[in-house]
Amino acid sequence: MLLQHSTWQEIDAFLKRSKAIVIPIGSTEQHGPTGLLGTDYLCPELIAHEAQKSADLLVAPPFLVGMAQHHLGFAGTISLRPSTMVASIFDWVHSLARHGFERIYFLNGHGGNVATINAAFSEIYASASFAARSSGFALMQRNWWELAGVRELAEAQFPVGHGTHATASEVAVTQAAYPIKHASYEPKIAPTGPIYDAIDFRRRYPDGRMGSDPAQATPEKGRALIELAAASLVKDFAAFAG
Ligand code: NI
């Protein structure tokens, strides 16, 4: 069940049988010469949408802009500052909590978001703790590639050149749902290294990839990743929600 395709009465009725919700969260940032700018929110969105086809699971609209300052040297990237993202997550959570949601699960698609999502959770819990009241809800985040079995499948599909940004697996997941982009690039496997600011990032990683060869991606591999991740999400979410 998708929140954005539901009426308020349907959400009201859902809350009588469950108080849990999944929020896909990611980023809008460059993903190399063949990866979509939306890759990091599209992956958790596709997985969550697949999961709700076979389980009574409510999925929120995606939180689709995150921590992407280091990608601002590439056209189309949109970034929040950490303070803005913390404030936005604070408002999303308190909006949902006001209606009675007690278990809020963020399915994350961008490694750069992890620290800021955790900071938002601390900010949210602190506001309850300082006011000497219970928050009334529990929060968690899970990276989609950490769902049971997903890392093993990606390693089997892409033993070499999986990479850490514009990865072969995330590009494959988007290819399962959206048109494939073709481009030639050099070197075949991109360099690896640290992440600092946007100018430094563009200098180190000229086409935007880090350690990856996304030409190995196929829609079939992406479909297999989505199906496995969706099945694992249903179990992981049930353990949290129950
Ligand atoms: Ni990504």
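The structure this text deals with has already been given above.
Residues numbered from 1 in each chain as written. Predicted model: local features only at pLDDT ≥ 70, side-chain atom pairs only at ≥ 80, totals over all residues. Heavy atoms only, no water.

Asker: Even after reading the chapter, I still don't get the coordination of the nickel ion, so can you show me in this structure?
Answerer: The reference angle at a metal is 109.5 degrees if four donors form a tetrahedron and 90 or 180 degrees if six donors form an octahedron. Taken together, the protein ligands of the nickel ion are His31 (NE2), Asp40 (OD), Glu170 (OE) and Glu170 (OE), with distances of 1.9 to 2.8 Å. Classification of the site at the nickel ion as irregular follows from its four donor atoms and the range of 51 to 137° in their angles at the metal. Donor residues binding the nickel ion come from one chain and are separated in sequence as H-x8-D-x129-E. Like Asp40, His31 is buried. (Donors = N, O, S within 2.8 Å, 3.2 Å for Na, K, Ca; no water. Tetrahedral: all angles 85-135°; square planar, octahedral: opposite > 155°, others 65-115°. Buried < 20%, exposed > 50% of the residue type's maximum accessible area, 1.4 Å probe, protein only.)

Asker: How do you make sense of the packing of helix H2 (residues 39-51) against helix H6 (residues 168-175) when you look at a structure like this?
Answerer: In helix packing, the relevant descriptors are the interaxial angle and the interaxial distance, both defined with respect to the helix axes. Relative to each other, H2 and H6 sit at 65°, their axes nearing to 9 Å. H6 is crossed by H2, and the crossing has left-handed handedness. The residues of H6 that touch H2, namely those facing Thr39, Asp40, Leu42, Cys43 and Leu46, are Glu170, Val173 and Thr174. Looking at the contact of H2 with H6 residue by residue, the class counts come to four nonpolar, two polar and two charged. (Axes fitted to C-alpha atoms, helices over the stretch in contact; angles between N-to-C directions. Helix = DSSP H or I, 4+ residues; strand = E, 2+ residues; numbered from the N terminus. Left-handed = near helix turned anticlockwise from the far one by under 90°. Contact = heavy atoms within 4.5 Å. Nonpolar A, V, L, I, M, F, W, Y, C, P; charged D, E, K, R; others polar.)

Asker: Even after reading the chapter, I still don't get the packing of aromatic side chains, so can you show me in this structure?
Answerer: Each aromatic ring pair is characterised by the separation of its centres together with the angle its planes make. Applying the stated rule across the entire model yields seven aromatic pairs. Taking 5.5 Å as the distance between ring centres and 80° as the angle between the ring planes, the aromatic pair formed by Tyr105 and Phe237 counts as edge-to-face. Residue Tyr105 is found in strand S2 (residues 103-108), and its partner Phe237 is found in helix H8 (residues 219-241); the two are separated by 132 residues along the sequence. For the pair Tyr105 and Phe237, one class covers both residues: buried. Seen from their ring centres, Phe201 and Tyr205 are 4.7 Å apart, and the 55° between their planes marks the pair as tilted. For the pair Phe201 and Tyr205, a shared accessibility class is recorded, and that class is buried. By the ring-pair criterion, three or more aromatic residues cluster together here, those being Phe74, Phe201 and Tyr205. (Phe/Tyr/Trp six-rings, centres within 6.5 Å; stacked < 30°, edge-to-face > 60°.)

Keep in mind these values describe shape, not function.
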